[in-house]
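Structural overview for review
Each chain, letter by letter, is given below.
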Amino acid sequence: MNHRFTKATKLMMFMGAVTLVSACDQPISRGALTFYGECIGEVPADCMTVMPTGTDQSFQVNKEPIIEPHHFADAEIATTPFNNEPVIAFALTKEGTVRFAEASAARIGKVIFMLDEGHLITAPTVREAITSGRGQIVAGFTDEQAEDLVARILANRQGLSN
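Analysis parameters
- Residues numbered from 1 in each chain as written.
- Predicted model: local features only at pLDDT ≥ 70, side-chain atom pairs only at ≥ 80, totals over all residues.
- Heavy atoms only, no water.
- Core = buried A, V, L, I, M, F, W, Y, C linked by side-chain atoms within 4.5 Å.
- Buried < 20%, exposed > 50% of the residue type's maximum accessible area, 1.4 Å probe, protein only.
- Helix = DSSP H or I, 4+ residues; strand = E, 2+ residues; numbered from the N terminus.
- Contact = heavy atoms within 4.5 Å.
- Expected span 1.5 Å × (residues − 1).
- Disulfide = S-S within 2.5 Å.
- Phe/Tyr/Trp six-rings, centres within 6.5 Å; stacked < 30°, edge-to-face > 60°.
- Pairing = 2+ DSSP bridges.
- Axes fitted to C-alpha atoms, helices over the stretch in contact; angles between N-to-C directions.

1. A closer look at the nonpolar core
Core analysis: the largest hydrophobic core is formed by 20 residues, its most contacted members being Phe35, Phe72, Ile88 and Ile137. Looking at this core, the elements that each hand over two or more residues are strand S8 (72-79), strand S9 (86-92), helix H1 (94-106), strand S10 (112-116) and helix H2 (143-156). With sequence-adjacent residues up to four places away left out, Ile88 is seen in contact with Ala75, Glu76, Gly135, Gln136, Ile137, Phe141, Ala146, Leu149, Val150 and Ile153. Within the second largest apolar cluster, seven residues are counted, among which are Tyr36, Val50, Phe113 and Leu115.

Below, the structure written as structure tokens:
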């Protein structure tokens, strides 16, 4: 379910475990899984603050998501070879692959925040450009959590020809 809503100036909106704060009237995309990049550049109007609940830390992210639910072509549950922990293996559409490659190349040493309906799932640091359009999300999922997230990714994807 992909919701869009608009924030009022300096209004804090609580979205599960994450608070998004911004001084603009831009819509925030919400969906099964959305990736936001750590803010780069010098234009504060292009950024918003993400504050995970229960911490005193806040992070500046670009308002424009890198990956939205419709950028996923496929997803499935896989396991880590180390401890058989469930992980989410995903493939992106052509458009998603290009967006993720460009964003990850621009953010080497920076963080990409993965939010699931406003909940911070994980925030890995980019070590190299991710150009294959494939990846894994390792976040300490239970079997049930992994199954639920994969089901929502698959339900929210659109147009496999992108």
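Now that the structure has been shown, we can carry on.
2. So, the side chain of Thr122
Examined against the element boundaries, Thr122 turns out to sit in strand S11 (residues 119-122). Residue classification places Thr122 among the buried residues on the basis of a relative accessible area of 19%. Beyond its immediate stretch of four places on either side in the chain, Thr122 contacts Ile112, Phe113, Met114, Ile137, Val138 and Ala139.

3. Concerning H1
In this model, H1 (13 residues) spans 19 Å end to end at C-alpha, consistent with the 18 Å of a helix rising 1.5 Å per residue. Among all positions of H1, only Gly96, Thr97, Phe100, Ala101, Ala103 and Ser104 are buried. Packed against the buried residues of H1 are strand S5 (34-37), S9 and S10.

4. Some points on the state of the cysteines
Applying the stated criterion across every chain, the model contains one disulfide. Between the sulfur of Cys39 and that of Cys47 lies a disulfide, 1.6 Å long from S to S.

5. Side note on unusual backbone geometry
Positive phi outside glycine occurs at Asn84, with the angle close to 60°. Checked against the element boundaries, Asn84 lands in the loop between S8 and S9.

6. Notes on the packing of aromatic side chains
Applying the stated criterion across every chain, the model contains five aromatic pairs. Ring centres of Phe72 and Phe90 lie 5.6 Å apart, and the angle between their planes is 80°; on these two criteria the pair is classed as edge-to-face. Linking Phe72 in strand S8 with Phe90 in strand S9, this pair joins segments that are 18 residues apart in sequence. Taking the relative accessible area as the measure of exposure, Phe72 reaches 1% and is therefore buried. For Phe90, a relative accessible area of 4% puts it in the buried group. Clustering of aromatic rings is evident, with ring pairs tying together Phe35, Phe72, Phe90 and Phe100.

7. Description of the sheet that holds S9
Spatial ordering of the open sheet is given by S8-S9-S12, a layout of three strands whose pairing is antiparallel. For this open sheet the edge positions go to S8 and strand S12 (134-137), each flanked by a neighbour on one side alone. Across the sheet, the axes of successive neighbouring strands diverge by a mean angle of 25°, strand direction being ignored. Bridge count between S8 and S9: seven bridges; the pairing is antiparallel. What sits directly across from Ala78, in S9, is Val87. Strands in contact with H2 are S8 and S9; relative to S8, the strand with the most contacts, it is inclined by about 165°.

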